[in-house]
Amino acid sequence: MIKHHQLNGIDVTSYHTAKRGNWCSGDAYHISSGEGHVICAIVDGLGSGEEAMKASQAVIQVIEMDQDEAIEELMSRCNNALREKRGAVLTIIKVDMAREEIIYSNVGNIGCIFYSPSGKLVRPIPTRGYVSGKRQKFKSQRYQFEKGMTFLLYSDGLSFDPAFHTFMMKMTSTNRAMQQVVEMMAHNADDTTILIGKVPAL
């Protein structure tokens, strides 16, 4: 359920589990690296079960193939992949180490919070709705980051507790922070996916 990833010096720990009683999850996630950047994404197929899983997997396949595209174009291609499938909500972030910025694009209720070592907390404004194959215009938001910043992405299976801010602000490792979040979670009444990441301080 909990896995650790290290790409381009960025630590990311993932947690992924299906709704209790289901054999499959309608959530999916992607973590990969390219030249000087890391891509993280969470997609949640509408509803639950096999049809939700097919929708989320279709989106992840697009991200895997086209991850070097601009974020807005990548979102558009993910949207196109959902024609004649169940819709989904989606967040993609690109951590650009050279420009020291994060590019964020979203449709729907995937939570996202950025934490800076100086104590600043940023919650990007999500876009309402979902991706379903219908024509949409996708936008991105850009944030300059401090070295040592951390981030949290999560699907709606996680009921956010303000105590999580403490874990993220005082993080010693992404794996430990994830363990603390998971220990506080209630029984999973929905598919749940969480990504916790940390940019190196040096």
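Read on for an overview of the structure.

What counts, and at which threshold
Every residue gets a number counted from 1 within its own chain, in the order that chain's sequence is written. Given that the model is predicted, a residue must reach a pLDDT of at least 70 before its local features are reported, and side-chain atom pairs must reach 80 or more before they are shown or counted; all residues, however, enter totals for whole chains, interfaces and linings. Hydrogens and waters are ignored; side-chain quantities use all the structure's heavy atoms. Starting at the N terminus, helices and strands are each numbered in turn, a helix being any DSSP run of H or I of at least four residues and a strand any DSSP run of E of at least two. For this measure, only C-alpha atoms enter the radius of gyration; the expected value for a globule follows 2.2 Å times N^0.38, where N is the number of residues. When accessible area is computed with a 1.4 Å probe and restricted to protein chains, residues below 20% of their type maximum are described as buried, those above 50% as exposed, and intermediate ones as partly exposed. Residues are treated as being in contact if the distance between any of their heavy atoms lies within 4.5 Å. Under the convention used here, a 1.4 Å probe and the Shrake-Rupley method define accessible areas, while residue burial counts only the protein chains that appear. Under this rule, positive means Lys or Arg and negative means Asp or Glu; His and the chain ends count for nothing. Taken as the charge centre is NZ of Lys, CZ of Arg, CG of Asp or CD of Glu, depending on the residue. A pair of strands is labelled paired if DSSP reports no fewer than 2 bridges between them. Here the axes come from fitting lines to C-alpha atoms, over the contacting stretch only for helices, and the angles between their N-to-C directions go from 0 to 180 degrees. Should a side-chain nitrogen of Lys or Arg be within 4 Å of a carboxyl oxygen of Asp or Glu, the pair is scored as a salt bridge.

Our focus in this paragraph is the overall build of the chain. Across its full length, the chain carries four helices and 11 strands. In terms of C-alpha radius of gyration, the chain reaches 16 Å, essentially the compact-globule figure of 17 Å for 202 residues. When the backbone C-alpha atoms are referred to their principal axes, the chain occupies close to 45 × 40 × 25 Å. Across the 202 residues of the chain, 52% fall into the buried class. The long-range share in the chain, meaning contacts at least 24 apart out of those at least 6 apart in sequence, stands at 66%. Only carbon and sulfur atoms are counted for the fraction: they give 47% of the accessible area of the chain, which is about 9800 Å². In the chain, which carries 22 positive and 22 negative side-chain charges, the distance between the mean positions of the two groups comes to 5 Å.

Strand order in the open sheet made by the five strands is S3-S4-S5-S6-S9, with antiparallel pairing throughout. Lying at the two open borders of the sheet, with one neighbouring strand each, are strand S3 (27–34) and strand S9 (141–144). In this sheet, adjacent strand axes meet at a mean angle of 15° when their direction is disregarded. Relative to strand S6 (residues 101–107), strand S5 (residues 88–96) runs antiparallel, the two sharing seven bridges.

To continue, consider the pattern of salt bridges. Inspection of every chain in the model, using the stated rule, returns eight salt bridges. Glu51 serves as the salt-bridge partner of Lys54, at 3.6 Å between the closest nitrogen and oxygen. Residue Lys54 and its partner Glu51 are located together in helix H1 (residues 50–66), separated by three residues, close to a single helical turn. With a relative accessible area of 39%, Lys54 lands in the partly exposed category. The residue Glu69 makes a salt bridge to Arg77 at a minimum N-O spacing of 3.4 Å. For Glu69, a relative accessible area of 30% corresponds to the partly exposed category. One network of salt bridges, with partners in common, ties together Asp66, Glu69, Glu73 and Arg77.

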